[in-house]
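Summary of structural features
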Amino acid sequence: MKTYPRLSEQIYRRVLSNGLTVLVVPRPGVQRKLAYFATNYGSIHRHFTWEGREYTVPAGIAHYLEHKLFDLPDRDVTAEFAALGAGVNAFTGYDMTAYYFYCTENFDPCLELLLEFVSTPYFTQESVEKEQGIIDQEIGMYEDSPDSRVFENLVRGMYRHHDIRTPILGTSESIRQITPELLELCHRAFYAPGNMVLCVVGDVDPEQVVQAALNRLGADPRPLGKKLPTRPEEMTCPKDLQQIAMEVAMPSFQLGFKCEPIGTGEESVRQEILCDLAAEALFGEASRLYLELYEAGLIDSSFGGGFETLDGCALLTCGGDSENAQAVRDAILQRAQQLALEGITQEEFLRMKRSAFGRRIRDLDSMDSTCFRLCAYHFSEFEYFGFPEIYEQVTLEELKQFLGRTVRPERCSLSVIHPIKEEV
């Protein structure tokens, strides 16, 4: 058990003989328990090698696989969790898929059920074809969602090759190329214990968690698929503006700035924190620019920003509702270069650090946020509870250099959704 005094946290970490990493964060006396079983595999991992052969699989297959793993022969996994007094769910991201349950009792049988259904592929032609209609409806819902469309248009304007350009769910055409054999292939390649993490937060015995994993998954390691590297991207955006019309009450936008991919390990977390501070300086509610834009009526309380990073790409984004998104973009570009040249006072810099650091501390109050971050950072080869030390190391000069290098017109793309009644 490793202790992190600054966070008042402890974590049990063990890598099993089969390659699975088990993380347990104790919460003595707390009734609620949460378990994530996650794989380092998401929608962008469509190109890989397995047993000496190279594959490219249809877009949306990671999400399709997530749906189908809830199928066990003549059983209803969701109903079994409900009978145990637990809730179960899952999500597929660009570079991670996670299955989780939460409960206040019957933790051990719930954990056994989680490990069982995620590790038991069962795909029939009939069930795979039936799922196409369900996921096709989900794709239609996302296509009708302004929030989804504005972001998808943004990344298509920012990237030429990276699979972030393709929706996580795939398309109506791509999901019809998915077969039981391809689902089996992806499960074998990426759902091996060595590519996964089991993370539990709650009042549980870590050794019992380990034993449950060994009992269900076995002690021997299994072969892993090898993801093929993404095609390098230029640091310029192919399009600077994308506009569409939808049934919305007022215009909304997403603005993105292309950043260098940040890799893994401690240095990657340092870069991520640096980008968080850049977002705080430009988009934070306490920043001068936020107040100026708000008072000018260019943004409202929906405005906010942050940093996204995936295998092979990274982007600084902001967005919200605005009648003049291009004016917001121009103001951000101007302020970033001003800050890069004139700098920020040490007092302002420390305030931004405290604000960004405080948000991460508050996130630890949420079991869901803690589990998610521990899994995601594990796949980035960093122990998440080590972030306070990295905050201390980031300097004001690094922030100035980042703003001057990154928040520039050639690295910028803007996606806008207008109400249908407006001319685009």
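About the cut-offs
Residues numbered from 1 in each chain as written. Predicted model: local features only at pLDDT ≥ 70, side-chain atom pairs only at ≥ 80, totals over all residues. Heavy atoms only, no water. Salt bridge = Lys/Arg side-chain N within 4 Å of Asp/Glu carboxyl O. Helix = DSSP H or I, 4+ residues; strand = E, 2+ residues; numbered from the N terminus. Buried < 20%, exposed > 50% of the residue type's maximum accessible area, 1.4 Å probe, protein only. 1 Å grid on protein atoms, 1.4 Å probe; cavity = no way out; pocket = protein on both sides within 12 Å on 5 of 7 lines; lining within 4 Å. Points joined across faces, edges and corners; volume = space filled by probe spheres on them. Nonpolar A, V, L, I, M, F, W, Y, C, P; charged D, E, K, R; others polar. Phe/Tyr/Trp six-rings, centres within 6.5 Å; stacked < 30°, edge-to-face > 60°. Lys NZ or Arg CZ within 6 Å of the ring centre and 35° of its normal. Pairing = 2+ DSSP bridges. Axes fitted to C-alpha atoms, helices over the stretch in contact; angles between N-to-C directions. Contact = heavy atoms within 4.5 Å.

**Comments concerning the pattern of salt bridges**
The tally for this structure, following the rule as stated, stands at 25 salt bridges. Notably, a salt bridge pairs Lys258 with Glu233, separated by 3.2 Å at the nearest N-O pair. Taken as a pair, Lys258 in strand β14 (residues 252-259) and Glu233 in the loop between β12 (226-227) and β13 (241-246) lie far apart in primary sequence, 25 residues in all. For the pair Lys258 and Glu233, one class covers both residues: buried. Between Glu397 and Lys400 there is a salt bridge, with the nearest N and O atoms lying 3.8 Å from each other. Of the two residues, Glu397 and Lys400 are both situated in helix α14 (residues 396-406); the distance of three residues between them amounts to about one turn of the helix. The class of Glu397 is partly exposed, set by a relative accessible area of 42%.

**Here we look at the layout of surface pockets**
If a probe the size of a water molecule is rolled over the atoms, the empty space left behind becomes visible. A volume near 330 Å³ is recorded for the second largest pocket. Lining the second largest pocket are 18 residues, and of these His45, Lys227, Leu228, Pro229 and Thr230 sit closest to its centre. Counted by class, the lining of the second largest pocket contains five nonpolar, eight polar and five charged residues.

**Describing the packing of aromatic side chains**
Given two aromatic rings, one states the distance between the centres and the angle between the planes to describe the pair. One pass over the structure, following the stated rule, counts 27 aromatic pairs. Ring centres of Tyr36 and Tyr100 lie 5.1 Å apart, and the angle between their planes is 20°; on these two criteria the pair is classed as stacked. With a gap of 64 residues between them, Tyr36 in strand β4 (residues 33-39) and Tyr100 in strand β10 (residues 97-103) connect regions that are remote in the sequence. Each ring, one from Tyr41 and one from Phe190, has its centre 4.5 Å from the other, and the planes form 5°; the classification is stacked. Here Tyr41 is found in the loop between β4 and β5 (47-50), whereas its partner Phe190 is found in helix α6 (residues 180-190), with 149 residues between them in sequence. Phe190 shares its class with Tyr41; the two are buried. Among the aromatic side chains, those forming a connected cluster through ring pairs are Tyr41, Phe48, Tyr55, Phe70, Phe81, Tyr99, Phe101, Phe107, Phe117, Phe190 and Tyr191. A cation sits over an aromatic face here: Lys258 above Tyr159, 4.7 Å from the ring centre. For the cation-ring pair, Arg360 lies above Phe387, with the distance from its terminal atom to the ring centre recorded as 5.9 Å.

**Comments concerning the pairing of strand β16 (residues 313-321)**
With eight of nine residues buried, β16 is to be regarded as a mostly interior element. Inspection of the sheet shows β14 paired to β16 by eight bridges, in the antiparallel sense. Each residue of the ladder has a partner; that of Phe257, found in β16, is Leu316. With seven bridges joining them, strand β15 (residues 304-310) and β16 adopt antiparallel strand pairing. Its bridge partner lying in β16, Thr309 is registered against Ala314.

**Looking at unusual backbone geometry**
The backbone of Ser8 shows a phi angle near 55°, a positive value even though the residue is not glycine. Tracing the sequence through the fold places Ser8 in the loop between β1 (2-4) and β2 (9-15). Its identity is not glycine, yet Glu381 carries a phi of approximately 65°, on the positive side. For Glu381, the position within the fold is in the loop between α12 (367-379) and α13 (387-393). Overall, Glu381 belongs to the exposed group, its relative accessible area being 58%.

**Side note on the sheet that holds strand β11 (residues 196-202)**
Pairing in this open sheet of seven strands is mixed, and the strands run β1-β2-β3-β11-β4-β10-β9 from one edge to the other. Only two strands of the sheet have a single neighbouring strand rather than two, namely β1 and β9 (87-92). Each strand of the sheet is rotated relative to its neighbour by a mean of 15°, with strand direction disregarded. Pairing of β9 with β10, which is carried by six bridges, proceeds in the antiparallel orientation. Within β10, the residue paired with Gly87 across the bridge is Tyr102. Contacts from helix α3 (residues 107-118) reach β4, β9, β10 and β11 within the one sheet, and its direction differs from that of β10 by about 160°. Packed onto the sheet, α12 meets β2, β3 (21-26), β4, β9 and β11 and runs at close to 155° relative to β11.

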